Amino acid sequence: MAPHPDLAQSAFLQAVRGEPVSHTPVWFMRQAGRSLPEYLRLREGVGMLESCMRPDMVVEITMQPVRRYGVDAAIFFSDIVLPLKAVGVDLDIKPGVGPVVAQPVRTLADVEAIPDLTPDHVPFITEAVRGLVGELGGTPLIGFAGAPFTVASYLVEGGPSKDHARTKAMMFGAPDVWDALMRKIAGIAAAYLEVQVAAGASAVQLFDSWAGALTPGDYRASVMPHSARVLAAAGELGVPRIHFGVGTSNLLGLMGEAGADVVGVDWRTPLATAVPQVGDRAVQGNLDPTLVFAPTEVMTARAAEVIEAGRAARGHVFNLGHGVIPATDPDQLARLTEFVQTYPL
Ligand code: 1CP
């Protein structure tokens, strides 16, 4: 299907390419799911992974924040562990916890038992993306995948972890197993992104949420080459690539060099500090997600500072510095969206 003609004028796609924009484009990580009452109603009695495998639900949940806020891009409703589930890894997403893996990956045999991903594993993704692209019209859809380090953390730890100790112990102590695991996940992520782009996604985001646990030296040696492979594969499909992590103030340059068009910045690093680090790339971010709980004029004053700092970058996509917090008042996000879109450039 040919891309919708209005996509050429999308402020989001213009900003990520470093072209002039009429307004600063805005979308929110975790805008789909979690906080909207219409989402919570729809999800009643349906498991998280089950909802990700039902195209009708994926289309509806992805559309909800687009309708409510009029954001400049949609983020595909899914999860970073969905492709693992699709190839047969025994895992679930437990309410209030997150992804839990039945048999954590520890050995080379464990890695080799994970199948590579083919489009036949995820026909429901193709169907959902096609349906969405039809409904979204001129609003671009951002596809996504988890980056090898962040996905490896769930597989090795068996669930959410604060220090990623077992994961890093494998990286430090069993480099052959680590290399095989990172190659396996990178291949799955690249294939998963290809399915989304083939079905019509306009851009992709690689989430390396937990990369901030690494020193620059370890990131460069043991993680970056694998993320770079995923980003290069996405680049060959001709779509812009966003690369995001949390607590990555000392990794921003490397995350750009890994092959990103846009570097996502969390709220701890001022954009004025981040922009020189990423060089000739666009940035995405980075309002502290808790500012939506402050009075509206406090929130918008800080949003204005973010927009002003973003002017120094090749391009700027406004976002929160991490995902929408579930207790967020949707009306406050609506006000924030309007403020950013009408802020004079
Ligand atoms: O039952 C539920 O509603 C569970 C909540 C939920 C939702 C709505 C989870 C569990 N995942 C998702 C969807 C999701 N996850 C999206 C869809 C788009 C959107 O919500 O707008 C995306 C992009 C993700 C990506 C994801 N999953 C990341 C990377 C982004 C980030 O937030 O840093 C990570 C780390 C995950 C793992 C995950 N999935 C769910 C939870 C609670 C977690 C985090 C657990 C942990 O702390 O380790």
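Now for a look at the structure at hand.

What counts as what
- Residues numbered from 1 in each chain as written.
- Predicted model: local features only at pLDDT ≥ 70, side-chain atom pairs only at ≥ 80, totals over all residues.
- Heavy atoms only, no water.
- Axes fitted to C-alpha atoms, helices over the stretch in contact; angles between N-to-C directions.
- Helix = DSSP H or I, 4+ residues; strand = E, 2+ residues; numbered from the N terminus.
- Left-handed = near helix turned anticlockwise from the far one by under 90°.
- Contact = heavy atoms within 4.5 Å.
- Nonpolar A, V, L, I, M, F, W, Y, C, P; charged D, E, K, R; others polar.
- Near = heavy atom within 4 Å.
- Polar contact = N/O pair within 3.5 Å; in protein donor to acceptor, adjacent residues only side chain to side chain.
- Areas by Shrake-Rupley, 256 points an atom, 1.4 Å probe, with all protein chains shown as cover.
- 1 Å grid on protein atoms, 1.4 Å probe; cavity = no way out; pocket = protein on both sides within 12 Å on 5 of 7 lines; lining within 4 Å.
- Sits in = over half its atoms within 2 Å of the grid points.
- Points joined across faces, edges and corners; volume = space filled by probe spheres on them.
- Parallel < 35°, antiparallel > 145°, perpendicular 65-115°, else oblique.
- Buried < 20%, exposed > 50% of the residue type's maximum accessible area, 1.4 Å probe, protein only.

## Re the packing of helix α4 (residues 55-69) against helix α7 (residues 123-136)
Two measures define how a pair of helices packs: the angle their axes make with one another and the distance between the axes.
Then, in step 1: α7 packs onto α4 with a crossing angle of 35° between their chain directions and a minimal axis gap of 8 Å. Read as a crossing pair, α4 and α7 show a hand that is right-handed. Contacts between α4 and α7 involve Pro 55, Val 58, Val 59, Thr 62, Met 63, Val 66 and Arg 67 on the former and, on the latter, Phe 124, Glu 127, Ala 128, Gly 131, Leu 132, Glu 135 and Leu 136.
Then, in step 2: For the contact of α4 with α7, the residue count by class is 9 nonpolar, 2 polar and 3 charged.

## Points about the site of the ligand
Then, in step 1: Residues in close proximity to the ligand total 24 residues, the closest being Arg 30, Ala 32, Tyr 154, Ser 209 and His 322.
Then, in step 2: One of the side-chain N or O atoms of Arg 34 is found 3.2 Å from a nitrogen atom in the ligand.
Then, in step 3: In this structure, an oxygen atom belonging to the ligand sits 2.4 Å away from a side-chain N or O atom of Tyr 154.
Then, in step 4: In isolation the ligand has 870 Å² of accessible area, and contact with the protein removes 87% of it.
Then, in step 5: The cavity where the ligand resides is the largest pocket.
Then, in step 6: For the shell around the ligand, the per-class residue count stands at 15 nonpolar, 5 polar and 4 charged.

## Digging into the layout of surface pockets
Then, in step 1: In this structure, the largest pocket spans a volume of roughly 1100 Å³.
Then, in step 2: Along the wall of the largest pocket there are 38 residues; nearest its centre are Arg 30, Arg 34, Met 48, Asp 79 and Ile 93.
Then, in step 3: If you list the elements that add at least two residues to the lining of the largest pocket, you get α2 (37-43), β2 (91-94), β3 (98-101) and α8 (148-157).
Then, in step 4: When its volume is computed, the second largest pocket comes out at roughly 420 Å³.
Then, in step 5: Residue lining of the second largest pocket: 21 residues in total, with Pro 3, Leu 7, Gly 200, Ala 201 and Ser 202 positioned closest to the centre.
Then, in step 6: Among the elements of the structure, α7 and α10 (175-198) are those that each provide at least two residues to the lining of the second largest pocket.
Then, in step 7: With 3 residues, α7 is the largest single contributor of residues to the lining of the second largest pocket.

## Some points on the packing of α8 against helix α9 (residues 165-173)
Then, in step 1: Relative to each other, α8 and α9 sit at 105°, their axes nearing to 8 Å. What the angle tells us is that α8 and α9 run roughly perpendicular. For the pair α8 and α9, contact is made by Phe 149, Ala 152, Ser 153, Val 156 and Glu 157 and by Ala 165, Arg 166, Thr 167, Lys 168 and Met 170, respectively.

## Details of the side chain of Asn 319
Then, in step 1: Tracing the chain through its elements places Asn 319 in strand β9 (residues 316-320).
Then, in step 2: According to the relative accessible area criterion, Asn 319 is buried, its value standing at 0%.
Then, in step 3: Here Met 29 takes part through its backbone nitrogen, which lies 3.0 Å from a polar atom of the side chain of Asn 319.
Then, in step 4: When residues no more than four places from it in sequence are discounted, the contact partners of Asn 319 are Trp 27, Phe 28, Met 29, Gln 284, Gly 285, Asn 286 and Leu 287.

## Thoughts on the environment of Pro 5
Then, in step 1: Tracing the sequence through the fold places Pro 5 in the segment before α1 (11-16).
Then, in step 2: Overall, Pro 5 belongs to the exposed group, its relative accessible area being 61%.
Then, in step 3: Taking the C-alpha atoms as reference, Pro 5 lies 34 Å from Asp 288; in sequence the two are 283 residues apart.

## Details of empty space enclosed by the protein
Then, in step 1: Within this structure, the stated rule accounts for 2 cavities of 30 Å³ or more.
Then, in step 2: Roughly 60 Å³ of internal volume is contained in the largest cavity.
Then, in step 3: Lining the largest cavity, in full, are Ile 80, Pro 83, Leu 84, Ala 145, Gly 146, Val 151, Ile 185, Ile 188 and Ala 189.
Then, in step 4: Among the elements that make up the lining of the largest cavity, the one with the highest residue count is α10 (3 residues).
Then, in step 5: Residue composition of the lining of the largest cavity, grouped by class: 8 nonpolar, 1 polar and no charged.

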